[in-house]
Amino acid sequence: MQSTKTWCGIDVAAKTLEAKRRRASEAATQTFDNDAAGHLAVLKWVGKGALVCMEATGVYHLQLALTLRAGGVRVMVINPRVAKDFGRALGNRSKTDPVDANTLLEYLERMGFVAWQPPSAVVLELREHGRRITELVQASVDEKNRAHAKGTSRLSRVVLDDVKAHLAQLQRRIARMESSAMAVIKADPSLLEMYGILVKIQGVGRRSAILLLTELAVLDPTMTVKQIVAYAGLDPRRYESGTSVEKATRISKIGNARLRAILYMNALSAVRHERGAKLFYARLVARGKKKKQALVAVMRKLLHGIWIVLQRRVPFDSAVLFAASLAQAESSDSAVAAPQPEPEQDHRNGRSEAKELRQQLEPAPAEATRRRKVA
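Fair warning: this is a prediction, and the values are worked out from it, not measured in the lab.

The rules behind each value
- Along each chain, the written sequence defines residue order, and numbers are assigned to residues from 1.
- Totals for whole chains, interfaces and linings use every residue, but because this is a predicted model, local features are given only for residues with pLDDT of at least 70 and side-chain atom pairs only at 80 or more, for both listing and counting.
- Based on all heavy atoms of the structure, the side-chain values leave hydrogens and waters out of the count.
- Put simply, DSSP H or I for four residues or longer makes a helix, DSSP E for two residues or longer makes a strand, and each gets a number counted from the N terminus.
- Exposure categories follow from relative accessible area, calculated using a 1.4 Å probe and restricted to protein chains: below 20% of the type maximum is buried, above 50% is exposed, and the middle band is partly exposed.
- By definition in these notes, contact holds between two residues if any of their heavy atoms fall within 4.5 Å.
- Exposure was quantified through the Shrake-Rupley algorithm and a 1.4 Å probe, taking into account, for residues, occlusion by the shown protein chains and nothing else.
- Definition used in this section: a nonpolar core is a set of buried Ala, Val, Leu, Ile, Met, Phe, Trp, Tyr and Cys residues joined via side-chain atoms within 4.5 Å.
- Axis definition: a line fit to C-alpha positions, over the contact stretch in the case of helices; interaxial angles, taken between N-to-C directions, run 0 to 180 degrees.
- In this scheme, roughly parallel covers angles under 35 degrees and roughly antiparallel covers those over 145, while 65 to 115 is roughly perpendicular and the rest are oblique.
- Each residue is assigned to one of three groups, with Ala, Val, Leu, Ile, Met, Phe, Trp, Tyr, Cys and Pro labelled nonpolar, Asp, Glu, Lys and Arg labelled charged, and all others, Gly among them, labelled polar.
- At least two bridges found by DSSP between two strands is the condition for calling them paired.
- Polar contacts here mean pairs of N or O atoms no more than 3.5 Å apart (in protein, one a potential hydrogen donor and the other a potential acceptor; neighbouring residues in sequence count only if both atoms are side-chain atoms).
- In this scheme, a crossing is called left-handed if the near helix is turned counterclockwise away from the far one by less than a right angle; it is called right-handed if the turn is clockwise.
- What counts as a salt bridge is simple: a side-chain nitrogen of Lys or Arg found within 4 Å of a carboxyl oxygen of Asp or Glu.

1. What to know about the overall build of the protein
Check the secondary structure of the protein and you find 16 helices and 7 strands. For the protein, the proportion of its 375 residues judged to be buried stands at 45%. Restricting to contacts in the protein with at least 6 residues of sequence separation, those with at least 24 account for 64%. As displayed, the protein offers around 20,100 Å² of accessible surface, 51% of which is attributable to carbon and sulfur atoms.

Have a look at this one:
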């Protein structure tokens, strides 16, 4: 049996990796970037055959763990609560990245090694499909904006026709990737069950269900609601400096921007068409919250509910998720009128692109709404 020469604990953050390595009696620490180049540097630093321990930190550890495992490193991923309790047992009084890396190294050396099992190949395949769909949708939105601009200017018919031809090609490629993603989902009973739960949620269309599944299926199912909110970058972030500088609390945005973008569109649709979400949003605005702050609260609430029902494999029930708002509305003499959110006006690329992107992500609900108006 091959003896282990290198042991390493790695504290994983959104942007950096703090690693502590022990080889024979020699110890060394080093900081790496949490990106593809940094992952390869870690692999070279620890060497093939090493044992590495890290915490489960949403998606931040995933690509590193996959890279190390593919390079011949044996990886163990432990629950953050286990690492925290072990650090207390060691008598750690400080919490810094180097201290956490040392705690993980100590855990690796003292406790039994349990090899990490990566997400299944089908889940990773679906993630690649979903991310490609997102890229193509964004490219389609860009081309639609160009077609509108060039159609208005009327400077070159040839260029306008070329943009429209590219746009039609993008639409065909999006449809093809969606069909391929659905084939991946249907081939796996677990993914198909989760997709069935997502697509029945008010405000989640077929494409959004695929994209949500893309980002959530790869995560550790033991993650808490608080951890999943932080992973999406929807956790509040306070900014204070001394006694004179105190900025308004905002979301951290340190997390999965793709997941936030999908939830943003889902929240817009839910606030317009789902009574519980509409009342929840309206009461936040009535209490003085800005419309965008209220919409972020709806996003966070939806993520809570979606994560729980996916783990429990039960249908999503908005009456449970927004029970307090619904109960308060029923007990009131007059319900608060729900103002329509207008987040498109705050979009960095303008109202038209945000509106177009929402229609691209939610084509089915938009069609259903138009049919109801005609009837």
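Back to the text.
2. Structural notes on the nonpolar core
I10, M54, L68, L213, I228 and I306 are the most contacted members of the largest nonpolar core, which totals 85 residues. Looking at which element gives the most residues to this core, the answer is helix 12 (residues 291-312), with 12 residues. For L213, the contacting residues outside a window of four places in its chain are L126, I185, L191, M194, Y195 and L198. With 9 residues, the next largest nonpolar core counts C53, I78, A83 and Y107 among its residues.

3. Considering the packing of helix 3 (residues 80-89) against helix 4 (residues 97-110)
At a minimum axis separation of 10 Å, helix 3 and helix 4 run at an interaxial angle of 90°. The angle between helix 3 and helix 4 falls in the class roughly perpendicular. In contact with V82, A83, F86 and G87 of helix 3, helix 4 contributes T103, L104, E106, Y107 and R110. The residue makeup of the contact of helix 3 with helix 4, split by class, is 5 nonpolar, 2 polar and 2 charged.

4. A short note on the pairing of strand 1 (residues 6-12)
Burial analysis of strand 1 places 6 of its 7 residues in the buried class, which makes it a mostly covered element. Pairing analysis gives 7 bridges linking strand 1 to strand 2 (residues 16-23), with the strands arranged antiparallel. Each bridged residue has a counterpart across the sheet, and for G9 the counterpart in strand 2 is K20. What sits between strand 1 and strand 2 in their antiparallel hairpin is a turn of 3 residues. Here strand 1 pairs with strand 4 (residues 51-55) via 4 bridges, running parallel.

5. A closer look at unusual backbone geometry
With a phi angle near 55°, R154 is a residue other than glycine that sits in the positive phi range. Examined against the element boundaries, R154 turns out to sit in the loop between helix 5 (121-153) and helix 6 (157-186). Its relative accessible area of 74% is what places R154 among the exposed residues. At R313, a residue that is not glycine, the phi angle is positive and equals roughly 55°. Here R313 lies in the loop between helix 12 and helix 13 (318-321).

6. As for the side chain of N34
Topologically, N34 is positioned in the loop between strand 3 (26-33) and helix 1 (36-46). In this structure N34 comes out as buried when scored by relative accessible area, which is 15%. A polar contact is formed between the side chain of N34 and the backbone oxygen of A13, at a distance of 2.8 Å. The contacts of N34, once residues within four sequence positions are left out, are V12, A13, A14, K15, T16, L17, H39 and Y60.

7. A few points about the packing of helix 7 (residues 189-199) against helix 12
Relative to each other, helix 7 and helix 12 sit at 145°, their axes nearing to 10 Å. The two elements helix 7 and helix 12 meet at a crossing, and its hand is right-handed. Taken together, the residues of helix 12 that come into contact with helix 7 (itself represented by M194, I197 and L198) are I306, V309 and L310. Taken together, the residues of the contact of helix 7 with helix 12 break down into 6 nonpolar, no polar and no charged.

8. Quick word on the environment of L303
Following the sequence through the fold, L303 ends up in helix 12. Separated by 78 residues in sequence, L303 and V225 have C-alpha atoms that sit 8.3 Å apart. With sequence-adjacent residues up to four places away left out, L303 is seen in contact with I228, V229, A232, L234, L259 and L263.

9. Re the sheet that holds strand 5 (residues 74-78)
Ordered by their spatial adjacency, 5 strands build an open sheet running 3-2-1-4-5, and the pairing between neighbours is mixed. Across the chains shown, the open sheet's two edge strands, defined by having one partner strand only, are strand 3 and strand 5. When the angles between neighbouring strand axes are averaged without regard to direction, this sheet yields 20°. Sheet topology note: the strand 4/strand 5 ladder contains 5 bridges and is parallel. Within the sheet, the bridge partner assigned to E55 lies in strand 5 and is I78. Against the sheet, helix 2 (residues 62-70) engages strand 1, strand 2, strand 4 and strand 5, with an angle of about 170° to strand 4. Its contacts with the sheet place helix 4 against strand 1, strand 2, strand 4 and strand 5, and it is angled at close to 140° to strand 1.

10. With respect to the side chain of T103
Mapped onto the elements of the fold, T103 is located in helix 4. Taking the relative accessible area as the measure of exposure, T103 reaches 5% and is therefore buried. Once residues lying within four places of it in the same chain are set aside, the contact partners of T103 are A83, F86, G87, L90 and N92.

11. Notes on the pattern of salt bridges
Under the definition given, this model contains 14 salt bridges. Here E106 and R22 are joined by a salt bridge, their closest N and O atoms 3.9 Å apart. Here R22 lies in strand 2 and E106 lies in helix 4, a separation of 84 residues in the sequence. Take E106: its relative accessible area is 16%, and that puts it in the buried class. A salt bridge links R131 to E215; its shortest N-O distance comes to 3.1 Å. Separated by 84 residues along the polypeptide, R131 in helix 5 and E215 in helix 8 (residues 206-216) bring together distant segments of the chain. Residue R131 shares its accessibility class with E215, and that shared class is buried.

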